[in-house]
Amino acid sequence: MTAKQPKTKKQKKPGRSRSSALFLLSLLLIGSALVRLGMEAGPAIAREVSNLQNGEDQEPAHGGQMQSQGMPSSAELQAMLAAFKEREAALELREAEIEDRMKALGIADDAIDRKLAALEKAEEELRTTLALADGATEADVDRLTTVYEQMKPKESAALFEEMDPNFAAGFLARMRPEAAAGIMAGLSPEAAYTISVVMAGRNSGVPKE
């Protein structure tokens, strides 16, 4: 019988042992990270819980205060409503005053138009009256001139001697040349000269050819 050879130990593959070591190292790192995270997160979570509890305790007070600050009270609403009504009444009163003033201006305009029409009518009547007066005066002067022409030259000369030179020159200018010459012949030299100067002065403004 042959002797049994001793069993040789199987050699472990180096790749498997390295993988095991890396896996253990990863577990250790993960565990360390979890422990550190738990240590840091614990106080933070506690603070958050405390803040939440404090917030729940204070929320009604702050909420009520904000609500009271945001919403006006009943007294304030009544005051605002009264102010709006007062403003509306003032605007209506102002509008009524403006309407009354416009009506008054319209009445005044109508009165002015009537007065202007009356003035225009009176002016037209005055023009007609002045035209009639001028016509009557002209007719009177013509009749008086005819009377002086029909008088004897000596008698007319005596009247013209006492007459204002301007009036005398005006009458002589209207007379026929022979009648005017007869009156001028009966005047004194001073009166005849004065009347001649007035008549020449009137004719000096006539344009010449």
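Residues numbered from 1 in each chain as written. Predicted model: local features only at pLDDT ≥ 70, side-chain atom pairs only at ≥ 80, totals over all residues. Heavy atoms only, no water.

Some remarks on the environment of Ala-180
Relative to the helices and strands, Ala-180 is located in helix α5 (residues 177–186). Separated by 32 residues in the primary sequence, Ala-180 and Tyr-148 place their C-alpha atoms 9.4 Å from one another. Non-local contacts of Ala-180, meaning those with residues more than four positions away in its chain, are made with Leu-172 and Met-175. (Helix = DSSP H or I, 4+ residues; strand = E, 2+ residues; numbered from the N terminus. Contact = heavy atoms within 4.5 Å.)

Topic: the packing of aromatic side chains
Under the defined criterion, the tally for this structure stands at three aromatic pairs. With a centroid separation of 5.3 Å and 70° between ring planes, the pair formed by Tyr-148 and Phe-160 is classed as edge-to-face. Separated by 12 residues along the polypeptide, Tyr-148 in helix α2 (residues 74–150) and Phe-160 in helix α3 (residues 153–162) bring together distant segments of the chain. In this pair, the class of Tyr-148 matches that of Phe-160, namely buried. Consider the rings of Tyr-148 and Phe-171, whose centres lie 5.2 Å apart with planes at 90°: the pair is edge-to-face. Note that Tyr-148 is positioned in helix α2 and Phe-171 in helix α4 (residues 165–174), a separation of 23 residues in sequence. An identical accessibility class is assigned to Tyr-148 and Phe-171; each is buried. Three or more aromatic residues joined by ring pairs form one cluster here, namely Tyr-148, Phe-160 and Phe-171. (Phe/Tyr/Trp six-rings, centres within 6.5 Å; stacked < 30°, edge-to-face > 60°. Buried < 20%, exposed > 50% of the residue type's maximum accessible area, 1.4 Å probe, protein only.)

Comments concerning α3
Where α3 is concerned, the buried positions are Ser-156, Ala-157 and Phe-160. Viewed along the axis of α3, the buried residues span an arc of 105°, placing them on a single side of the element. Away from its buried face by more than 90 degrees, α3 exposes Lys-154 and Glu-162. (Arc of directions from axis to C-beta.)

Any link to function would need more than the numbers given here.
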